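A structural walkthrough
Each chain, written out:
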Amino acid sequence: MKRLALRTGVRWKISIAIAAVGALIAVALSLVVHNAARVSMIENAREVQLERLLGAQRFYEAASTQKNLPKFGAKLNDPAIPPSLRDEVRKNRRATHVAETPDGVPDVWAAVPLANGDVLSLHTRFADRSATIMDDLDRALIIGSVSVVFGGCALGVLIGGQLSRRLRKAAAAAGLVAQGQTDVRVREAVGGVVRDETDELARAVDALTDALNERIEAERRVTADIAHELRTPVTGLLTAAELLPPGRPTELVRDRAQAMRTLVEDVLEVARLDSASERAELQELPLGEFVSRRVGLLDPDVTVRVVHESWVSTDPRRLERILGNLLGNAAKHGSTPVEVTVEGRVVRVRDHGPGFPEELLRDGPSRFRTGSVDRAGHGHGLGLTIAAGQARVLGARLTFRNAAPVGAAEGTGGAIAVLWLPEHAPTNTGSFPTLRSAEERQPQA
(Lines give C-alpha, C1' and ligand atoms only; values in the text may rest on other atoms or scores of the structure.)
Protein backbone atom coordinates (compact mmCIF):
# COMPACT_ATOMS: atom_id res chain seq x y z
CA MET A 1 0.00 0.00 0.00
CA LYS A 2 1.19 3.44 -0.86
CA ARG A 3 1.81 5.60 2.18
CA LEU A 4 0.06 8.92 2.36
CA ALA A 5 2.68 11.68 2.35
CA LEU A 6 1.74 14.97 3.98
CA ARG A 7 3.82 17.90 2.81
CA THR A 8 4.30 20.90 5.04
CA GLY A 9 6.87 23.65 5.35
CA VAL A 10 9.71 23.96 7.82
CA ARG A 11 8.21 27.25 9.01
CA TRP A 12 5.01 25.62 10.25
CA LYS A 13 6.81 22.63 11.71
CA ILE A 14 9.01 24.92 13.80
CA SER A 15 6.02 27.10 14.74
CA ILE A 16 3.97 24.10 15.88
CA ALA A 17 6.92 22.69 17.82
CA ILE A 18 7.62 25.98 19.64
CA ALA A 19 3.92 26.55 20.32
CA ALA A 20 3.52 23.01 21.68
CA VAL A 21 6.54 23.33 23.95
CA GLY A 22 5.38 26.77 25.10
CA ALA A 23 1.90 25.44 25.81
CA LEU A 24 3.26 22.53 27.86
CA ILE A 25 5.53 24.81 29.86
CA ALA A 26 2.77 27.38 30.38
CA VAL A 27 0.27 24.73 31.56
CA ALA A 28 2.81 23.13 33.89
CA LEU A 29 3.83 26.47 35.41
CA SER A 30 0.20 27.53 35.70
CA LEU A 31 -0.68 24.36 37.61
CA VAL A 32 2.33 24.76 39.90
CA VAL A 33 1.57 28.44 40.60
CA HIS A 34 -2.14 27.75 41.11
CA ASN A 35 -1.53 24.91 43.56
CA ALA A 36 1.21 26.79 45.41
CA ALA A 37 -1.00 29.88 45.80
CA ARG A 38 -3.97 27.80 46.94
CA VAL A 39 -1.90 25.89 49.49
CA SER A 40 -0.39 29.13 50.79
CA MET A 41 -3.79 30.79 51.19
CA ILE A 42 -5.30 27.73 52.89
CA GLU A 43 -2.38 27.53 55.33
CA ASN A 44 -2.79 31.20 56.05
CA ALA A 45 -6.54 30.63 56.61
CA ARG A 46 -5.72 27.80 59.03
CA GLU A 47 -3.41 30.06 61.03
CA VAL A 48 -5.95 32.90 61.13
CA GLN A 49 -8.70 30.48 62.12
CA LEU A 50 -6.59 29.03 64.92
CA GLU A 51 -5.63 32.49 66.23
CA ARG A 52 -9.28 33.53 66.34
CA LEU A 53 -10.19 30.33 68.16
CA LEU A 54 -7.40 30.85 70.73
CA GLY A 55 -8.74 34.34 71.35
CA ALA A 56 -12.22 32.94 71.92
CA GLN A 57 -10.70 30.31 74.27
CA ARG A 58 -8.96 32.91 76.41
CA PHE A 59 -12.18 34.94 76.63
CA TYR A 60 -14.17 31.84 77.53
CA GLU A 61 -11.75 30.72 80.20
CA ALA A 62 -11.58 34.23 81.71
CA ALA A 63 -15.39 34.74 81.75
CA SER A 64 -16.33 31.09 82.39
CA THR A 65 -19.48 31.56 80.33
CA GLN A 66 -20.66 30.69 76.79
CA LYS A 67 -22.67 33.87 76.47
CA ASN A 68 -20.18 35.80 74.30
CA LEU A 69 -18.85 32.86 72.26
CA PRO A 70 -21.22 33.55 69.30
CA LYS A 71 -19.50 36.91 68.89
CA PHE A 72 -16.33 35.02 67.91
CA GLY A 73 -18.28 32.46 65.85
CA ALA A 74 -17.08 29.72 68.19
CA LYS A 75 -19.15 26.83 69.49
CA LEU A 76 -18.78 24.47 72.40
CA ASN A 77 -19.02 20.75 71.63
CA ASP A 78 -20.30 21.35 68.07
CA PRO A 79 -21.66 18.01 66.79
CA ALA A 80 -20.70 18.93 63.18
CA ILE A 81 -16.98 18.75 63.89
CA PRO A 82 -15.34 16.51 61.25
CA PRO A 83 -14.29 13.11 62.63
CA SER A 84 -10.61 13.55 61.77
CA LEU A 85 -10.53 16.88 63.63
CA ARG A 86 -12.36 15.31 66.62
CA ASP A 87 -9.75 12.53 66.77
CA GLU A 88 -6.92 15.06 66.95
CA VAL A 89 -8.64 16.98 69.74
CA ARG A 90 -9.13 13.79 71.72
CA LYS A 91 -5.37 13.46 71.72
CA ASN A 92 -5.30 16.82 73.51
CA ARG A 93 -4.00 18.67 70.45
CA ARG A 94 -4.95 21.87 68.76
CA ALA A 95 -5.83 21.15 65.16
CA THR A 96 -7.29 22.63 62.01
CA HIS A 97 -9.16 21.02 59.17
CA VAL A 98 -10.15 22.11 55.66
CA ALA A 99 -13.23 20.44 54.17
CA GLU A 100 -14.14 20.67 50.48
CA THR A 101 -17.72 21.63 49.59
CA PRO A 102 -19.75 21.06 46.42
CA ASP A 103 -19.54 24.73 45.42
CA GLY A 104 -15.74 24.59 45.48
CA VAL A 105 -15.30 27.02 48.42
CA PRO A 106 -13.69 25.06 51.31
CA ASP A 107 -14.76 25.19 54.96
CA VAL A 108 -12.02 25.97 57.50
CA TRP A 109 -12.29 24.34 60.92
CA ALA A 110 -10.25 24.89 64.08
CA ALA A 111 -10.68 23.12 67.42
CA VAL A 112 -8.94 23.12 70.83
CA PRO A 113 -9.52 20.91 73.88
CA LEU A 114 -10.56 22.58 77.18
CA ALA A 115 -9.47 21.61 80.64
CA ASN A 116 -12.91 20.28 81.58
CA GLY A 117 -12.93 17.91 78.54
CA ASP A 118 -15.10 20.07 76.33
CA VAL A 119 -14.13 20.98 72.75
CA LEU A 120 -14.18 24.56 71.54
CA SER A 121 -14.39 24.87 67.73
CA LEU A 122 -14.62 27.56 65.12
CA HIS A 123 -16.06 27.01 61.62
CA THR A 124 -15.97 29.56 58.76
CA ARG A 125 -15.91 29.41 55.00
CA PHE A 126 -12.82 30.27 53.00
CA ALA A 127 -12.48 34.04 52.83
CA ASP A 128 -14.30 35.63 49.86
CA ARG A 129 -11.33 37.88 49.27
CA SER A 130 -9.02 34.88 49.04
CA ALA A 131 -11.40 33.19 46.59
CA THR A 132 -11.46 36.36 44.47
CA ILE A 133 -7.68 36.47 44.51
CA MET A 134 -7.55 32.85 43.33
CA ASP A 135 -10.01 33.60 40.53
CA ASP A 136 -7.94 36.60 39.43
CA LEU A 137 -4.78 34.50 39.58
CA ASP A 138 -6.34 31.73 37.47
CA ARG A 139 -7.51 34.29 34.92
CA ALA A 140 -4.05 35.83 34.74
CA LEU A 141 -2.48 32.39 34.31
CA ILE A 142 -4.86 31.53 31.46
CA ILE A 143 -4.17 34.83 29.70
CA GLY A 144 -0.44 34.35 30.18
CA SER A 145 -0.54 30.79 28.84
CA VAL A 146 -2.47 31.84 25.73
CA SER A 147 -0.05 34.72 25.20
CA VAL A 148 2.89 32.34 25.47
CA VAL A 149 1.35 30.01 22.89
CA PHE A 150 0.65 32.81 20.40
CA GLY A 151 4.04 34.36 21.08
CA GLY A 152 5.68 30.99 20.44
CA CYS A 153 3.76 30.67 17.17
CA ALA A 154 4.91 34.12 16.07
CA LEU A 155 8.50 33.36 17.03
CA GLY A 156 8.33 30.03 15.23
CA VAL A 157 6.96 31.67 12.10
CA LEU A 158 9.77 34.24 12.23
CA ILE A 159 12.57 31.74 12.80
CA GLY A 160 11.09 29.09 10.53
CA GLY A 161 10.37 31.66 7.82
CA GLN A 162 13.99 32.75 7.75
CA LEU A 163 15.21 29.16 7.57
CA SER A 164 12.57 28.31 4.96
CA ARG A 165 13.63 31.25 2.78
CA ARG A 166 17.26 30.18 2.95
CA LEU A 167 16.35 26.62 2.02
CA ARG A 168 14.17 27.82 -0.87
CA LYS A 169 17.00 29.99 -2.17
CA ALA A 170 19.36 27.04 -1.91
CA ALA A 171 16.89 24.78 -3.73
CA ALA A 172 16.35 27.38 -6.48
CA ALA A 173 20.10 27.82 -6.96
CA ALA A 174 20.61 24.04 -7.03
CA GLY A 175 17.85 23.82 -9.66
CA LEU A 176 19.69 26.36 -11.81
CA VAL A 177 22.86 24.31 -11.47
CA ALA A 178 20.93 21.22 -12.52
CA GLN A 179 19.73 23.11 -15.61
CA GLY A 180 23.32 23.70 -16.66
CA GLN A 181 24.11 27.11 -15.14
CA THR A 182 27.33 25.92 -13.57
CA ASP A 183 28.43 29.43 -12.61
CA VAL A 184 25.65 29.68 -10.01
CA ARG A 185 26.82 29.25 -6.41
CA VAL A 186 24.35 28.07 -3.81
CA ARG A 187 26.27 29.74 -0.96
CA GLU A 188 26.03 33.14 -2.63
CA ALA A 189 22.34 32.62 -3.36
CA VAL A 190 21.60 31.79 0.29
CA GLY A 191 23.42 34.87 1.59
CA GLY A 192 22.64 36.25 5.05
CA VAL A 193 24.75 37.08 8.06
CA VAL A 194 23.80 34.13 10.24
CA ARG A 195 25.83 30.97 9.70
CA ASP A 196 24.02 27.69 10.25
CA GLU A 197 23.60 24.22 8.74
CA THR A 198 22.15 25.80 5.58
CA ASP A 199 25.57 27.25 4.80
CA GLU A 200 27.18 23.85 5.29
CA LEU A 201 24.66 22.33 2.88
CA ALA A 202 25.28 25.13 0.36
CA ARG A 203 29.07 24.68 0.56
CA ALA A 204 28.68 20.93 0.11
CA VAL A 205 26.49 21.42 -2.98
CA ASP A 206 28.95 23.96 -4.40
CA ALA A 207 31.84 21.57 -3.82
CA LEU A 208 29.87 18.79 -5.51
CA THR A 209 29.09 21.09 -8.45
CA ASP A 210 32.74 22.06 -8.83
CA ALA A 211 33.82 18.43 -8.74
CA LEU A 212 31.22 17.43 -11.33
CA ASN A 213 32.16 20.38 -13.54
CA GLU A 214 35.81 19.42 -13.40
CA ARG A 215 35.01 15.84 -14.29
CA ILE A 216 32.68 16.84 -17.13
CA GLU A 217 35.22 19.32 -18.45
CA ALA A 218 37.95 16.67 -18.30
CA GLU A 219 35.77 14.20 -20.19
CA ARG A 220 34.87 16.86 -22.74
CA ARG A 221 38.53 17.72 -23.30
CA VAL A 222 39.42 14.06 -23.72
CA THR A 223 36.59 13.58 -26.22
CA ALA A 224 37.53 16.73 -28.13
CA ASP A 225 41.23 15.80 -28.14
CA ILE A 226 40.52 12.30 -29.39
CA ALA A 227 38.21 13.57 -32.12
CA HIS A 228 40.70 16.28 -33.09
CA GLU A 229 43.56 13.80 -33.30
CA LEU A 230 41.42 11.52 -35.48
CA ARG A 231 40.73 14.22 -38.05
CA THR A 232 44.17 14.01 -39.64
CA PRO A 233 44.31 10.22 -40.12
CA VAL A 234 40.67 10.14 -41.25
CA THR A 235 41.38 12.87 -43.81
CA GLY A 236 44.40 10.90 -45.00
CA LEU A 237 42.26 7.78 -45.20
CA LEU A 238 39.73 9.60 -47.41
CA THR A 239 42.51 10.89 -49.62
CA ALA A 240 44.00 7.42 -49.94
CA ALA A 241 40.57 5.98 -50.75
CA GLU A 242 40.28 8.38 -53.70
CA LEU A 243 43.42 6.81 -55.16
CA LEU A 244 42.04 3.27 -55.09
CA PRO A 245 40.93 1.71 -58.39
CA PRO A 246 37.21 1.82 -59.15
CA GLY A 247 35.14 -1.07 -57.82
CA ARG A 248 32.82 -2.23 -55.09
CA PRO A 249 35.55 -2.61 -52.44
CA THR A 250 36.67 0.96 -53.12
CA GLU A 251 33.11 2.25 -52.70
CA LEU A 252 32.80 0.43 -49.39
CA VAL A 253 36.10 1.89 -48.12
CA ARG A 254 35.10 5.41 -49.20
CA ASP A 255 31.68 5.05 -47.61
CA ARG A 256 33.06 3.86 -44.28
CA ALA A 257 35.80 6.51 -44.29
CA GLN A 258 33.23 9.23 -44.98
CA ALA A 259 31.04 7.87 -42.16
CA MET A 260 34.04 7.98 -39.83
CA ARG A 261 34.78 11.56 -40.85
CA THR A 262 31.16 12.55 -40.19
CA LEU A 263 31.31 10.89 -36.79
CA VAL A 264 34.51 12.73 -35.88
CA GLU A 265 32.99 16.08 -36.90
CA ASP A 266 29.85 15.31 -34.90
CA VAL A 267 31.87 14.42 -31.81
CA LEU A 268 33.81 17.68 -32.11
CA GLU A 269 30.56 19.60 -32.43
CA VAL A 270 29.11 17.90 -29.35
CA ALA A 271 32.27 18.77 -27.41
CA ARG A 272 31.96 22.42 -28.42
CA LEU A 273 28.31 22.49 -27.41
CA ASP A 274 29.11 20.90 -24.06
CA SER A 275 31.72 23.55 -23.34
CA ALA A 276 29.00 26.26 -23.39
CA SER A 277 31.35 28.46 -25.42
CA GLU A 278 29.19 28.56 -28.53
CA ARG A 279 27.49 31.88 -29.33
CA ALA A 280 24.61 32.48 -31.68
CA GLU A 281 24.95 35.02 -34.51
CA LEU A 282 21.38 36.28 -34.51
CA GLN A 283 19.52 37.66 -37.51
CA GLU A 284 15.90 38.53 -38.10
CA LEU A 285 14.26 36.35 -40.71
CA PRO A 286 10.78 35.08 -41.71
CA LEU A 287 10.63 31.64 -40.14
CA GLY A 288 8.11 30.03 -42.50
CA GLU A 289 9.89 31.15 -45.65
CA PHE A 290 13.30 30.18 -44.25
CA VAL A 291 12.14 26.68 -43.22
CA SER A 292 10.38 26.10 -46.57
CA ARG A 293 13.49 27.06 -48.54
CA ARG A 294 15.95 25.08 -46.42
CA VAL A 295 13.79 21.96 -46.20
CA GLY A 296 13.32 22.07 -49.96
CA LEU A 297 17.09 21.98 -50.39
CA LEU A 298 17.63 19.28 -47.75
CA ASP A 299 14.85 16.92 -48.83
CA PRO A 300 12.44 17.91 -51.63
CA ASP A 301 10.10 15.05 -50.75
CA VAL A 302 9.25 16.56 -47.35
CA THR A 303 5.94 18.44 -47.15
CA VAL A 304 6.17 21.92 -45.58
CA ARG A 305 3.07 23.72 -44.34
CA VAL A 306 3.19 27.29 -43.00
CA VAL A 307 0.17 27.91 -40.80
CA HIS A 308 1.26 31.32 -39.57
CA GLU A 309 4.29 33.31 -40.68
CA SER A 310 6.40 35.00 -38.03
CA TRP A 311 9.63 36.97 -37.90
CA VAL A 312 12.17 35.56 -35.45
CA SER A 313 15.61 36.57 -34.29
CA THR A 314 17.80 33.48 -34.57
CA ASP A 315 20.99 32.04 -36.03
CA PRO A 316 20.23 30.75 -39.58
CA ARG A 317 23.18 28.36 -39.64
CA ARG A 318 22.29 26.70 -36.37
CA LEU A 319 18.59 26.58 -37.24
CA GLU A 320 19.44 24.87 -40.52
CA ARG A 321 21.61 22.39 -38.61
CA ILE A 322 18.70 21.56 -36.30
CA LEU A 323 16.32 21.08 -39.24
CA GLY A 324 18.83 18.88 -41.06
CA ASN A 325 19.35 16.64 -38.04
CA LEU A 326 15.62 16.31 -37.37
CA LEU A 327 14.92 15.47 -41.01
CA GLY A 328 17.85 13.05 -41.10
CA ASN A 329 16.56 11.31 -37.96
CA ALA A 330 13.06 11.08 -39.47
CA ALA A 331 14.41 9.66 -42.74
CA LYS A 332 16.71 7.17 -41.01
CA HIS A 333 14.47 5.91 -38.21
CA GLY A 334 10.94 6.83 -39.31
CA SER A 335 8.74 6.32 -42.34
CA THR A 336 7.32 8.53 -45.03
CA PRO A 337 5.58 10.85 -45.38
CA VAL A 338 7.65 13.36 -43.38
CA GLU A 339 5.82 16.60 -42.62
CA VAL A 340 7.13 19.97 -41.41
CA THR A 341 4.69 22.50 -39.96
CA VAL A 342 5.52 26.12 -39.09
CA GLU A 343 3.14 27.98 -36.81
CA GLY A 344 4.42 31.27 -35.46
CA ARG A 345 7.72 30.52 -33.71
CA VAL A 346 7.03 26.78 -33.47
CA VAL A 347 8.41 24.24 -35.96
CA ARG A 348 7.12 20.63 -35.92
CA VAL A 349 8.78 17.74 -37.73
CA ARG A 350 6.72 14.56 -37.93
CA ASP A 351 7.31 11.19 -39.50
CA HIS A 352 4.97 8.19 -39.65
CA GLY A 353 7.26 5.53 -38.26
CA PRO A 354 7.17 3.58 -34.98
CA GLY A 355 7.83 6.68 -32.87
CA PHE A 356 10.56 7.62 -30.43
CA PRO A 357 11.73 5.00 -27.90
CA GLU A 358 10.57 5.34 -24.32
CA GLU A 359 14.11 6.04 -23.09
CA LEU A 360 14.38 9.11 -25.30
CA LEU A 361 10.97 10.43 -24.26
CA ARG A 362 11.86 9.95 -20.61
CA ASP A 363 15.50 11.06 -20.50
CA GLY A 364 15.94 13.10 -23.68
CA PRO A 365 18.48 12.48 -26.45
CA SER A 366 21.69 10.78 -25.38
CA ARG A 367 24.86 10.40 -27.39
CA PHE A 368 25.82 6.94 -28.63
CA ARG A 369 22.39 5.57 -27.81
CA THR A 370 20.12 4.93 -30.75
CA GLY A 371 17.11 3.62 -28.84
CA SER A 372 15.13 0.51 -29.66
CA VAL A 373 15.99 -1.65 -32.64
CA ASP A 374 12.60 -1.03 -34.25
CA ARG A 375 13.89 2.38 -35.35
CA ALA A 376 16.52 0.85 -37.62
CA GLY A 377 18.97 0.20 -34.78
CA HIS A 378 21.93 1.95 -36.39
CA GLY A 379 23.68 5.30 -36.06
CA HIS A 380 25.50 6.88 -33.14
CA GLY A 381 22.73 8.84 -31.42
CA LEU A 382 24.47 12.16 -32.06
CA GLY A 383 21.96 13.76 -34.43
CA LEU A 384 19.28 14.58 -31.85
CA THR A 385 21.95 15.35 -29.24
CA ILE A 386 23.46 17.98 -31.55
CA ALA A 387 20.00 19.33 -32.38
CA ALA A 388 19.17 19.72 -28.69
CA GLY A 389 22.55 21.40 -28.05
CA GLN A 390 22.11 23.86 -30.92
CA ALA A 391 18.60 24.64 -29.64
CA ARG A 392 20.07 25.55 -26.25
CA VAL A 393 22.52 27.92 -27.92
CA LEU A 394 19.56 29.62 -29.65
CA GLY A 395 17.69 29.85 -26.36
CA ALA A 396 15.06 27.54 -27.88
CA ARG A 397 13.42 24.40 -26.54
CA LEU A 398 13.33 21.08 -28.37
CA THR A 399 10.74 18.52 -27.24
CA PHE A 400 9.90 15.00 -28.41
CA ARG A 401 6.68 13.02 -28.31
CA ASN A 402 4.86 10.29 -30.17
CA ALA A 403 1.67 10.86 -32.13
CA ALA A 404 0.33 7.36 -31.59
CA PRO A 405 -1.31 6.53 -28.24
CA VAL A 406 0.18 3.82 -26.06
CA GLY A 407 -0.73 0.39 -27.39
CA ALA A 408 -1.53 1.55 -30.92
CA ALA A 409 -0.46 -0.50 -33.92
CA GLU A 410 3.01 0.11 -35.32
CA GLY A 411 3.22 2.86 -37.94
CA THR A 412 -0.12 4.40 -37.06
CA GLY A 413 1.25 7.51 -35.36
CA GLY A 414 4.87 8.46 -35.76
CA ALA A 415 7.39 10.65 -33.97
CA ILE A 416 7.00 14.41 -33.52
CA ALA A 417 9.87 16.77 -32.74
CA VAL A 418 8.84 20.30 -31.79
CA LEU A 419 11.21 23.28 -31.82
CA TRP A 420 10.04 26.25 -29.76
CA LEU A 421 12.02 29.35 -30.71
CA PRO A 422 12.28 32.14 -28.10
CA GLU A 423 10.13 35.22 -28.31
CA HIS A 424 12.86 37.69 -27.44
CA ALA A 425 16.57 37.94 -28.14
CA PRO A 426 19.29 37.77 -26.96
CA THR A 427 19.35 34.26 -25.55
CA ASN A 428 21.12 33.35 -22.34
CA THR A 429 24.19 32.14 -24.24
CA GLY A 430 23.86 34.16 -27.44
CA SER A 431 24.93 37.58 -28.60
CA PHE A 432 22.78 40.64 -29.15
CA PRO A 433 20.97 40.70 -32.50
CA THR A 434 21.22 43.43 -35.07
CA LEU A 435 17.65 44.63 -35.48
CA ARG A 436 16.45 45.78 -38.85
CA SER A 437 13.49 47.93 -39.76
CA ALA A 438 10.47 46.57 -41.61
CA GLU A 439 11.62 48.15 -44.88
CA GLU A 440 14.94 46.33 -44.62
CA ARG A 441 13.34 42.93 -44.08
CA GLN A 442 13.74 41.27 -47.44
CA PRO A 443 13.51 37.52 -48.08
CA GLN A 444 16.87 35.87 -48.33
CA ALA A 445 17.77 34.15 -51.55
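Residues numbered from 1 in each chain as written. Predicted model: local features only at pLDDT ≥ 70, side-chain atom pairs only at ≥ 80, totals over all residues. Heavy atoms only, no water.

**With respect to the overall build of the protein chain**
From N to C terminus, the protein chain includes eleven helices and eleven strands. Across the 445 residues that make up the protein chain, the buried fraction comes to 34%. Relative to all contacts within the protein chain whose residues are 6 or more apart in sequence, the contacts with residues 24 or more apart total 64%. Put simply, the protein chain shows about 26,800 Å² of open surface, and 57% of that area lies on carbon and sulfur atoms. (Helix = DSSP H or I, 4+ residues; strand = E, 2+ residues; numbered from the N terminus. Buried < 20%, exposed > 50% of the residue type's maximum accessible area, 1.4 Å probe, protein only. Contact = heavy atoms within 4.5 Å. Areas by Shrake-Rupley, 256 points an atom, 1.4 Å probe, with all protein chains shown as cover.)

**What about the pattern of salt bridges?**
In the structure shown here, the tally under the stated rule is nine salt bridges. Among the salt bridges present, the one from Arg139 reaches Asp136, with a minimum N-O distance of 2.9 Å. Of this pair, Arg139 and Asp136 both sit in helix α4 (residues 128-178), separated by three residues, roughly a single helical turn. Taking the relative accessible area as the measure of exposure, Arg139 reaches 48% and is therefore partly exposed. A relative accessible area of 39% places Asp136 in the partly exposed class. Two residues, Glu289 and Arg293, come together in a salt bridge whose shortest N-O distance is 3.3 Å. Taken as a pair, Glu289 and Arg293 lie in helix α8 (residues 287-298) at a separation of four residues, close to a single helical turn. (Salt bridge = Lys/Arg side-chain N within 4 Å of Asp/Glu carboxyl O.)

**Topic: the sheet that holds strand β8 (residues 339-343)**
One open sheet accounts for five strands, arranged β6-β8-β9-β11-β10; its pairing is mixed. This sheet does not close on itself; its edge strands, each paired only once, are β6 (303-308) and β10 (397-402). Neighbour-to-neighbour, the strand axes of this sheet turn through a mean angle of 15°, independent of strand direction. With five bridges joining them, β8 and strand β9 (residues 346-350) adopt antiparallel strand pairing. Bridge pairing in β9 links Glu343 to Val346. (Pairing = 2+ DSSP bridges. Axes fitted to C-alpha atoms, helices over the stretch in contact; angles between N-to-C directions.)

**Re the sheet that holds strand β3 (residues 107-113)**
Reading across the sheet, the four strands line up as β1-β4-β3-β2 and stay open at both edges, with antiparallel pairing between neighbours. The open sheet has two edge strands, β1 (74-76) and β2 (95-99), and neither has a second partner. Put simply, the sheet's adjacent strands are angled 25° from each other on average, direction ignored. Running at roughly 20° to β3, helix α3 (residues 83-90) makes contact with β2, β3 and β4 (119-125) of the sheet.

**What to know about the nonpolar core**
Within the largest apolar cluster, 35 residues are counted, with the highest numbers of intra-cluster contacts made by Leu326 and Leu419. For this core, the secondary-structure elements that each account for two or more residues are α8, α9 (316-333), β8, β9, α11 (383-393), β10 and β11 (415-420). Residue contributions to this core peak at six residues, all from α9. Setting aside chain neighbours within four positions, we find Leu326 in contact with Val349, Leu384, Ala387, Leu398, Phe400 and Ala417. Core analysis: the next-biggest nonpolar cluster, separate from the first, contains eleven residues, Leu53, Leu76, Ala110 and Leu114 among them. (Core = buried A, V, L, I, M, F, W, Y, C linked by side-chain atoms within 4.5 Å.)

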